[in-house]
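# Results of the structural survey
Each chain, letter by letter, is given below.
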Amino acid sequence: MKELKNTTEVLIRFNEADPLGIVWHGHYIRYFEDGREAFGKSYGIGYLDFFRENIVVPIVHVECNYKKSLKFGDEVQVETIYEPCEAAKIIFRYRLYKVSDRSLVATGSTTQVFLDKDTQTLLLNNPPFFEEWKQKFLK
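Calculation notes
Residues numbered from 1 in each chain as written. Predicted model: local features only at pLDDT ≥ 70, side-chain atom pairs only at ≥ 80, totals over all residues. Heavy atoms only, no water. Helix = DSSP H or I, 4+ residues; strand = E, 2+ residues; numbered from the N terminus. Areas by Shrake-Rupley, 256 points an atom, 1.4 Å probe, with all protein chains shown as cover. Lys, Arg positive; Asp, Glu negative; His and termini not counted. Charge placed at Lys NZ, Arg CZ, Asp CG, Glu CD. 1 Å grid on protein atoms, 1.4 Å probe; cavity = no way out; pocket = protein on both sides within 12 Å on 5 of 7 lines; lining within 4 Å. Points joined across faces, edges and corners; volume = space filled by probe spheres on them. Nonpolar A, V, L, I, M, F, W, Y, C, P; charged D, E, K, R; others polar. Buried < 20%, exposed > 50% of the residue type's maximum accessible area, 1.4 Å probe, protein only. Salt bridge = Lys/Arg side-chain N within 4 Å of Asp/Glu carboxyl O. Contact = heavy atoms within 4.5 Å. Patch = residues over 30% accessible without salt bridge, like charges linked within 9 Å, V, L, I, M, F, W, Y side chains within 5 Å. Pairing = 2+ DSSP bridges. Axes fitted to C-alpha atoms, helices over the stretch in contact; angles between N-to-C directions.

## Some details on the overall build of the chain
Helix and strand counts for the chain stand at three helices and seven strands. Start at the N end of the chain and walk to the C end: the helices and strands fall as β-α-α-β-β-β-β-β-β-α. Carbon and sulfur atoms provide 54% of the accessible area of the chain, an area that totals close to 7800 Å². For the chain, the centre of its 19 positive side-chain charges and the centre of its 20 negative side-chain charges are spaced 4 Å apart.

## Some words on empty space enclosed by the protein
Scanning the entire structure with this criterion turns up one cavity of 30 Å³ or more. Counted as a void, the largest cavity has a volume near 140 Å³. If you go around the largest cavity, you meet 15 residues; those closest to its centre are Arg36, Ile45, Phe50, Phe92 and Gln112. Of all the secondary-structure elements, those providing two or more residues to the lining of the largest cavity are α1 (27–43), α2 (47–52), β5 (89–98) and α3 (128–138). Each residue belonging to the lining of the largest cavity can be placed in one class, and the counts come to ten nonpolar, three polar and two charged.

## Some words on the side chain of Lys98
Locating Lys98 in the fold gives a position in strand β5. Nearest to the buried, unbridged Lys98 among oppositely charged side chains is Asp74, at 4.0 Å. If near-sequence neighbours (up to four positions away) are discounted, Lys98 is found in contact with Leu70, Asp74, Glu75, Ser103 and Val105.

## Here's the deal with a nonpolar patch on the surface
The grouping of Ile29, Ile59, Val62 and Tyr66 at the surface amounts to a nonpolar patch, some 310 Å² of accessible area in total. For the nonpolar patch, the element with the most residues is strand β3 (residues 59–66), which contributes three residues. Examined against the element boundaries, Tyr66 turns out to sit in strand β3.

## Here's the deal with the sheet that holds β3
The antiparallel open sheet is built from five strands, whose spatial order is β1-β4-β5-β6-β3. In this open sheet, the two edge strands, each paired with only one partner strand, are β1 (4–11) and β3. The sheet shows a mean angle of 20° between the axes of neighbouring strands, direction not considered. As defined by bridge partners, strand β4 (residues 75–83) adjoins β5 across eight bridges and the pair is classed as antiparallel. Looking at the pairing, Gln77 lines up with Tyr97 of β5. Of the strands in this sheet, β1, β3, β4, β5 and β6 (103–113) touch α1, which is tilted by about 130° from β1. Together, β1, β4 and β5 form the strand contacts of α3, whose direction differs from that of β4 by roughly 105°.

## What about the pattern of salt bridges?
Taken as a whole and judged by the stated rule, the model has twelve salt bridges. One salt bridge connects Lys5 with Glu79, and the closest N-O pair in it is separated by 3.9 Å. Placement of the pair is Lys5 in strand β1 and Glu79 in strand β4, with a sequence separation of 74 residues. Among the residues examined, Glu79 registers a relative accessible area of 5% and is labelled buried.

Below is the structure:
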């Protein structure tokens, strides 16, 4: 099975840093979100694609392992990797790199589940359109 991966870059903004210029730890999770959005746009599986199918995909688990600080003005490269699984969930792994020296600044993962948009009911099986997407990109 081939690896599905997307890479995008994010410029660290002033409001993401503390008075010492160091990025607040919670923003790393936002960079994961930037990576998921770029992945979805690249592979045709973004939040609006799910929404059109009457499905929402909330995050139920997030993990972030910090290796090195980012500072205001840095650029961070977000590498987002889709982790295939048979269960009715979506798992992404992330690697964040400081662009200037390619140093690893964080790793992590997120897990999302499928809910019916109207009833907020958990779907126990992958939605048909998601199964079709997997067949298209993973085979």
